[in-house]
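Observations on chain architecture
Spelled out, the chains give:
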Amino acid sequence: MTKKLALLNQLVADLAVANVKFHNLHWNVVGERFKEVHVFAEELYDMLFEQYDEVAERVKMIGEFPPAALSTYLEMTKIEELSDKDYTIKETLNYLLEDIQYLKGLAIEARNVSDEEGDFATVAMLEDIVGTYCKHDWFISQMLK
Ligand SMILES: [Fe+2]
């Protein structure tokens, strides 16, 4: 497996698990700003779900197989899942930030490896994805101040 494929497939697995994890936080956040953070987590998991499909389809376009089973995602992922319990606003935002920053780093690495190969279509896709993480990294960081 090439380094590019390994990174893209890692991203597919992590996006799948982060999508589930962000639903957990969407459901279980508690506190005075519940509604705002509940809605914000939904925006994020909708975004991750679209990216999950987009990256997997890009893997298909380069003639390979993206991981497609939940059991495989759990073996591969570096996202740490959370138990079902209450999460304060601050805990929730910190978990969201940590995962967005991790995904940003992974997407940047995949973008750079794709660039070395001259795979500009993958580079373009990943640059857009990195842009969304930069924006939400900023949003959450501001909310945490
Ligand atoms: Fe919901």
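The structure this text deals with has already been given above.
Residues numbered from 1 in each chain as written. Predicted model: local features only at pLDDT ≥ 70, side-chain atom pairs only at ≥ 80, totals over all residues. Heavy atoms only, no water.

**Quick word on the overall build of the protein**
- A count of helical and extended segments in the protein gives five helices and two strands.
- Reading the protein from its N end, one meets helices and strands in the order α-β-α-α-β-α-α.
- Its C-alpha atoms give the protein principal-axis dimensions of about 50 × 30 × 20 Å.
- Taken across its 145 residues, the protein has 47% of its residues classed as buried.
- Looking at the protein as shown, the accessible area adds up to about 7800 Å², and 55% of this sits on carbon and sulfur atoms.
- Averaging the locations of the 14 positively and 27 negatively charged side chains of the protein gives two centres separated by 4 Å. (Helix = DSSP H or I, 4+ residues; strand = E, 2+ residues; numbered from the N terminus. Buried < 20%, exposed > 50% of the residue type's maximum accessible area, 1.4 Å probe, protein only. Areas by Shrake-Rupley, 256 points an atom, 1.4 Å probe, with all protein chains shown as cover. Lys, Arg positive; Asp, Glu negative; His and termini not counted. Charge placed at Lys NZ, Arg CZ, Asp CG, Glu CD.)

**A few points about the packing of helix α4 (residues 89–116) against helix α5 (residues 120–143)**
- Look at α4 against α5: their axes get within 9 Å of each other, and the N-to-C directions meet at 155°. In terms of their interaxial angle, α4 and α5 are classed as roughly antiparallel. Where α4 crosses over α5, the two elements pack in a sense that is left-handed.
- Residue composition of the contact of α4 with α5, by class: 16 nonpolar, five polar and five charged. (Axes fitted to C-alpha atoms, helices over the stretch in contact; angles between N-to-C directions. Parallel < 35°, antiparallel > 145°, perpendicular 65-115°, else oblique. Left-handed = near helix turned anticlockwise from the far one by under 90°. Nonpolar A, V, L, I, M, F, W, Y, C, P; charged D, E, K, R; others polar.)

**Some points on the packing of aromatic side chains**
- Enumeration over the complete set of coordinates arrives at four aromatic pairs.
- Here Tyr87 and Tyr95 contribute two aromatic rings whose centre-to-centre distance is 5.9 Å and whose plane-to-plane angle is 90°, an arrangement assigned as edge-to-face.
- For Tyr95, a relative accessible area of 27% puts it in the partly exposed group.
- In textbook terms, an aromatic cluster arises when at least three aromatic residues are bridged by ring pairs, as seen for Phe49, Tyr52 and Tyr73. (Phe/Tyr/Trp six-rings, centres within 6.5 Å; stacked < 30°, edge-to-face > 60°.)

**Side note on the pattern of salt bridges**
- Summed over the entire model, instances satisfying the criterion amount to nine salt bridges.
- One salt bridge connects Arg33 with Glu36, and the closest N-O pair in it is separated by 3.4 Å.
- Take Arg33: its relative accessible area is 33%, and that puts it in the partly exposed class.
- Two residues, Arg58 and Asp119, come together in a salt bridge whose shortest N-O distance is 3.2 Å. On the criterion of sequence distance, the pair formed by Arg58 in helix α2 (residues 34–61) and Asp119 in the loop between α4 and α5 is long-range, its members being 61 residues apart. The exposure classification of Arg58 matches that of Asp119, with both residues buried.
- Because the salt bridges share partners, they merge into one network encompassing Lys4, Arg58, Glu117 and Asp119. (Salt bridge = Lys/Arg side-chain N within 4 Å of Asp/Glu carboxyl O.)

**Description of the packing of α2 against α5**
- It is at 11 Å that the axes of α2 and α5 come closest, and there the two elements cross at 165°. Compared by their axis directions, α2 and α5 come out roughly antiparallel. Considering only the axes of α2 and α5, their crossing is left-handed. Here Glu36, Val37, Phe40, Leu44, Met47, Leu48, Gln51, Glu54, Val55 and Arg58 of α2 come into contact with α5, specifically with Ala121, Thr122, Met125, Ile129, Thr132, Tyr133, His136, Phe139, Ile140 and Met143.
- Class assignment for the residues of the contact of α2 with α5 results in 13 nonpolar, four polar and three charged. (Contact = heavy atoms within 4.5 Å.)

**Describing α4**
- End to end, α4 covers 41 Å across 28 residues, agreeing with the expected 40 Å (1.5 Å per residue, within 8%).
- At the exit of α4 stands Gly118, carrying a positive phi of roughly 70°. (Expected span 1.5 Å × (residues − 1).)

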